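Residues per chain are reported as follows:
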Amino acid sequence: MNTSDSRRPYVRPMAGWWRRNPFFVEYMIHEATALFVAAYALVLLVGVMRLAQGEAAWNGWLEALRSPASVAFHAALLAAISYHCWTWFRIMPRTMPPLFVGGKRVAPALITACGLAAAVVCSLAVLILVWGATR
Amino acid sequence: MSESRGNGKLIRIEVLRYRPEQDEEPFLQGYEVPFTDDMSVLQGLQYIKDWLDGTLSFRWSCRMAICGSCGMMIDGEPRLACKTFLRDFPAGSVRVEALAHFPIERDLVIRMDDFLAKLESIKPWIIPKEERSLAQGEYLQTPAQLDVYEQFSSCINCLLCYAACPQYGLNPDFVGPGIMALLHRYNADSRDGAAPERMEVAGSEAGVFNCTAVGYCSEVCPKHVDPANAVNQNKTRAAGDYFLRLVTPKGGAR
């Protein structure tokens, strides 16, 4: 509260702001799933380090990835990153300048759908590539 | 309005009261209000003021969602009281508070000095690229050029987007969604030539990069302005300006 002001305007506290509205809770979940993206980057980074340390280290890393704990962790990563991807593309139309195709404005839902389609296509392409390389 | 209104239906309206001359902090006060299905929350408040408690303070003017005066938190959501109906609260009670993130002047009245100062700072009028005399005729614009900014010109300064923006609540220096929508409305106008001046505000410490794309501002806008889009388009532009400044011979505007 600003006590130097004779009108005594009351300033409400912001503590716990994100629990006040379901929209904010969803936003915080979206932001928190970014940590899972970072976690997966770390997993890959450790793989690169192990590769640099030689064949035994690399094979040890591959073995560790096959453990049930690691598989469960990766399933959680996939779920979190899928959610992050969906919520990210859902807000994408709000972040872009208007897009015109054939003189008509592209609908936000179509922009979101294109983003999601691109993510699915890229994921499948990487999956097929890795599958082919490890056969 | 007469006391006979209501057809027997009652709703409890809980109002966050704050009377600076006697209250240390705001408190909730409940009123039982008879209502009909065509009554807005604003009409409910007017009933309280006329019949139950003349000391209740709130702002309103047009009653038809165009003046932007009656924005308030209704059951925790920023809404226009004139555009929200009492019949839509079937539980029989509704909580009304002053718009979030602004200092409370009194009861449901917020202090908007900060917004007005920011509004002035962006020069919210057309500053022509090239002055035309009356004899030269009007400034022409094609429908496609209009389409680029028309949506942003629908802003009624109701401040619901500010009450929806946690970043503004956490840092009131942030220029905020509504001002950015208005800034963009003029910058994107083909007749205007003052974009570099206004980009000083958008690209400043208090500018667009305070936005973390929560997106709730655009959800609550009663005029479908999409302020989040205005903010984010100007992130790209502010970043472009920053890097262009490094490669332009004169060092750009700053």
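Residues numbered from 1 in each chain as written. Chains lettered and ligands numbered in written order. Predicted model: local features only at pLDDT ≥ 70, side-chain atom pairs only at ≥ 80, totals over all residues. Heavy atoms only, no water.

S.K.: Quick question: what am I supposed to make of the interface of chain A and chain B here?
M.R.: Where the parts come together, the accessible area they lose is often given as the size of the interface. With 24 residues of chain A at the contact, the number on the chain B side is 38 residues. For the chain A face of the interface with chain B, the top three residues by lost area are Y10(A), R12(A) and R94(A), together amounting to 27%. Counting every contact that joins chain A to chain B gives 6 salt bridges. Counting across the chain A and chain B interface gives 16 residue pairs in polar contact (both at pLDDT 80 or more). The set of elements that each furnish at least two residues to the side of chain A that touches chain B consists of α1 (22–52) and α3 (68–95) of chain A. Partitioned by chemical class, the residues of the side of chain A that touches chain B number 15 nonpolar, 2 polar and 7 charged. (Contact = heavy atoms within 4.5 Å. Buried area = accessible area lost by both parts, 1.4 Å probe. Salt bridge = Lys/Arg side-chain N within 4 Å of Asp/Glu carboxyl O. Polar contact = N/O pair within 3.5 Å; in protein donor to acceptor, adjacent residues only side chain to side chain. Helix = DSSP H or I, 4+ residues; strand = E, 2+ residues; numbered from the N terminus. Nonpolar A, V, L, I, M, F, W, Y, C, P; charged D, E, K, R; others polar.)

S.K.: What should I look at first to understand the state of the cysteines in this one?
M.R.: What is meant by a disulfide is a covalent connection between two cysteines, made through their sulfur atoms. In the structure shown here, the tally under the stated rule is 0 disulfides over all chains. Among the cysteines around C114(A), which has no disulfide bond, C122(A) carries the closest sulfur, lying 13 Å off. For C158(B), which is in no disulfide, the shortest distance to another cysteine sulfur is to C221(B) and amounts to 6.3 Å. (Disulfide = S-S within 2.5 Å.)

S.K.: Where do I start with α3(A) in this structure?
M.R.: Along an α-helix, residues three or four positions apart point the same way, because every turn accommodates 3.6 residues. In this model α3(A) runs 40 Å from its N-terminal to its C-terminal C-alpha over 28 residues, within 8% of the 40 Å that 1.5 Å per residue would give. Maximum bend of α3(A): about 25°, positioned at F89(A), with proline P93(A) one to four residues after it. Check the buried side of α3(A) and you find it contacts α1, α2 (55–65) and α4 (108–134) of chain A together with α9 (227–247) of chain B. (Expected span 1.5 Å × (residues − 1). Bend = angle between axes of the 7 residues up to and from the residue.)

S.K.: Would you mind showing me how to read the UniProt feature "transmembrane region" (unreviewed entry) in chain A here?
M.R.: On the UniProt side, "transmembrane region" (unreviewed entry) is annotated at positions that read residues 27–48, 69–89 and 109–131 of chain A here. The span residues 69–89 of chain A shows a helical share of 100% and a strand share of 0%, and its end C-alpha atoms are spaced 30 Å apart. (UniProt positions renumbered as here; feature names shortened; annotations may be inferred.)

S.K.: Please explain the sheet that holds strand β5 (residues 93–97) of chain B as it appears in this structure.
M.R.: Strands belonging to one sheet form pairs held by backbone hydrogen bonds; the direction of such a pair is parallel or antiparallel. Residues and elements named next belong to chain B. With mixed pairing, 5 strands are arranged side by side in an open sheet as β2-β1-β5-β3-β4. Across the chains shown, the open sheet's two edge strands, defined by having one partner strand only, are β2 (27–34) and β4 (77–80). Mean inter-strand twist for the sheet, computed between neighbouring axes without regard to direction, equals 35°. Here strand β1 (residues 10–17) pairs with β5 via 4 bridges, running parallel. Across the sheet, E14 pairs through a bridge with R95, a residue of β5. Its contacts with the sheet put helix α1 (residues 41–52) on β1, β2, β3 (71–74) and β5, and the angle it makes with β2 is roughly 90°. (Pairing = 2+ DSSP bridges. Axes fitted to C-alpha atoms, helices over the stretch in contact; angles between N-to-C directions.)

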